[in-house]
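Observations on the three-dimensional arrangement
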Amino acid sequence: MKKRLRKKLLSQERQQERQQERHQERHQQPDRERLKNFANERDQRVNGFVSHENRTPGQPAVKGRPSVSKVVVVTSGKGGVGKTTTSANVATGIALAGKKTVAIDFDVGLRNLDLVMGCERRVVYDFVNVIRGEAKLNQALIRDKRIENLYVLPASQTRDKDALDTEGVGRIIDELKQMGFDYIICDSPAGIERGAQMAMYYADDAIVVTNPEVSSVRDSDRVLGLLAAKTSRAQAGAPPIHPHLLLTRYSPAMVKRGEMLSVADVLELLGIPLLGVIPESKAVLQSSNKGTPAILDETTDVAQAYLDVIYRFLGQEREHRFIDEERRSFFGRLFG
Amino acid sequence: MKFLDYFRRPPKSASLAKDRLSIIVAREHTGGRKTPDYLPQLQQELLAVLARYEVIDLANVTVNVERNGDCEVLELNVTLPDGSSVIGAKRAQAATA
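Thresholds applied
- Here the residue index of a chain counts from 1 through its sequence in written order.
- Chain letters start at A and ligand numbers start at 1, both assigned in the order the entries are written.
- Whole-chain, interface and lining totals are the exception, using all residues; otherwise, since this is a predicted model, local features are given only for residues with pLDDT of at least 70 and side-chain atom pairs are given and counted only at 80 or more.
- Only hydrogens and water are set aside; all other atoms, that is, all heavy atoms of the structure, feed into the side-chain values.
- Elements are defined by DSSP. Helices are runs of H or I of four residues or more, strands are runs of E of two residues or more, and each kind is numbered from the N terminus.
- A 1.4 Å probe rolled over the protein chains alone gives each residue an accessible area, and that area as a share of the maximum for its type sets the label: buried under 20%, exposed over 50%, partly exposed in between.
- By definition, residues are in contact when any of their heavy atoms lie within 4.5 Å.
- We call a pair of cysteine sulfur atoms a disulfide when they lie within 2.5 Å.
- The rule for pairing is simple: two strands pair if DSSP sees at least two bridges between them.
- Axes here refer to lines fitted to C-alpha atoms; in helices the fit is confined to the stretch in contact. Angles between the N-to-C directions go from 0 to 180 degrees.

Observations concerning the side chain of Thr 75 of chain A
Residue and element names in this part refer to chain A. Counting through the fold element by element, Thr 75 comes out in strand β1 (residues 70-75). Note on Thr 75: relative accessible area 0%, which makes it buried. When near neighbours in sequence (up to four residues on either side) are disregarded, Thr 75 contacts Lys 83, Ser 188, Met 200, Ile 207, Val 208, Val 209 and Val 223.

Structure (structure tokens):
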């Protein structure tokens, strides 16, 4: 009896070791490498794509097409749902994929993106300074120290939202396109007033961040109305912005107990395609404490969820994860 | 029959949330244009004109927009202070574009 038990324990140990080895193997080629390879391969398939490293400023990435820069607004209406977290992670993720990316903080007066991205001590000039002509765009852009191709344009902390106007914002976005940025991520302030409308005005794509909660869903619905009416695309009669839903702070366990709106519920209510589901996690707070976007710590579920979002955003279909409660083994629960 | 309640499950809060939201969302979508936001101002200005001829209270002037199918009806109701006589239920019909 005893012998058999010992044998069993030994084999379990061996199994665990093997699992660890496999885990290490997987992380020898980290996820970010894979993401970059994927994006490169995809670019090569597009005819005549010139990556930004081999491009002179102002040269289009694809010949014959004036600009392939994409302006993406991250918006929600309601505050505190994860716009800034999402902006930081999406910008970081797209930069990891090798795209030249800038994240602009539109929350004038209450800037936070610089803090979440961990570059608050390097802010000298801001967005409003550039609009007013008090500084050059180059002086205000902060280059990320961890990831190449990633830049932050901080908001002003001292002025109010009226400092932004369509003409000024348009000028800066054009200039960023001229500088060869592939993606311009606009982090919208909460609300539906001037600041939020400025953030969405020039957008080509929108990520609508929503929590599975009544007030957030209602506000998102409201924002969808604004995206369809109060943007330059809507006013020029151009093809409309395609909004994507990002459901954040999702708790599969609560959904299972019937205490939280499910993904299906929110999708049915809002009627826009799902970009991803980000599970509720301590990792988000921990990453903002450190000023390191969560996507950089690939061991967390939040990072995995955001990586999926990046793949989908760059055009790869991926199965949705973190929607159902994960089954944890007895040992997992003991040691996890 | 208290013990039977034990077996009957209370409605889950998530489904309540969904029901409430679907009403709100449906209303905002089918409603399309909501009531015009000049109504309070219209009410004030009407009151200013009426006050030249009658002593009247803001509470006695009501302005409403109703919708019957394709037709929008702007309804003004002014109640005179000396009784329940309604001088005018002026109805201006405006067909929607």
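Next comes the rest of the write-up.
Structural notes on the environment of Leu 150 of chain A
All names here are of chain A. The residue Leu 150 is located in strand β4 (residues 150-153) in this model. Its relative accessible area of 0% is what places Leu 150 among the buried residues. Here Leu 150 is in contact with Ala 91, Thr 92, Ala 95, Thr 101, Met 117, Ile 142, Arg 143 and Asp 144, once residues within four sequence places are set aside.

Some thoughts on the state of the cysteines
Two cysteines, two sulfur atoms, one covalent bond between them: this is a disulfide. Residues and elements named next belong to chain A. Inspection of the entire model under this criterion finds 0 disulfides over all chains. No disulfide involves Cys 119; its sulfur sits 16 Å from that of Cys 186, the nearest cysteine. Cys 119 gets classed as buried once you look at its relative accessible area, which sits at 5%.

Section: the sheet that holds strand β5 (residues 183-187) of chain A
All names here are of chain A. Within the open sheet, the 8 strands sit side by side as β3-β4-β2-β5-β1-β6-β7-β8. Their pairing is mixed. Across the chains shown, the open sheet's two edge strands, defined by having one partner strand only, are β3 (142-143) and β8 (274-279). Bridge count for strand β2 (residues 101-105) against β4 is 4 bridges, and the pairing is parallel. In the strand pairing of β4, Thr 101 is matched with Leu 150. Strand contacts of helix α9 (residues 214-229): β1, β6 (205-210) and β7 (242-250), with the helix running at about 165° to β6, the strand carrying the most contacts.

Brief notes about the pairing of β7 of chain A
All names here are of chain A. Most of β7 sits out of view: 7 of its 9 residues are buried. As paired strands, β6 and β7 are joined by 6 bridges and run parallel to one another. If you follow Ile 207 over to β7, its bridge partner there is His 244. Pairing of β7 with β8, which is carried by 4 bridges, proceeds in the parallel orientation. Considered in β8, the bridge of Leu 246 is made with Gly 276.

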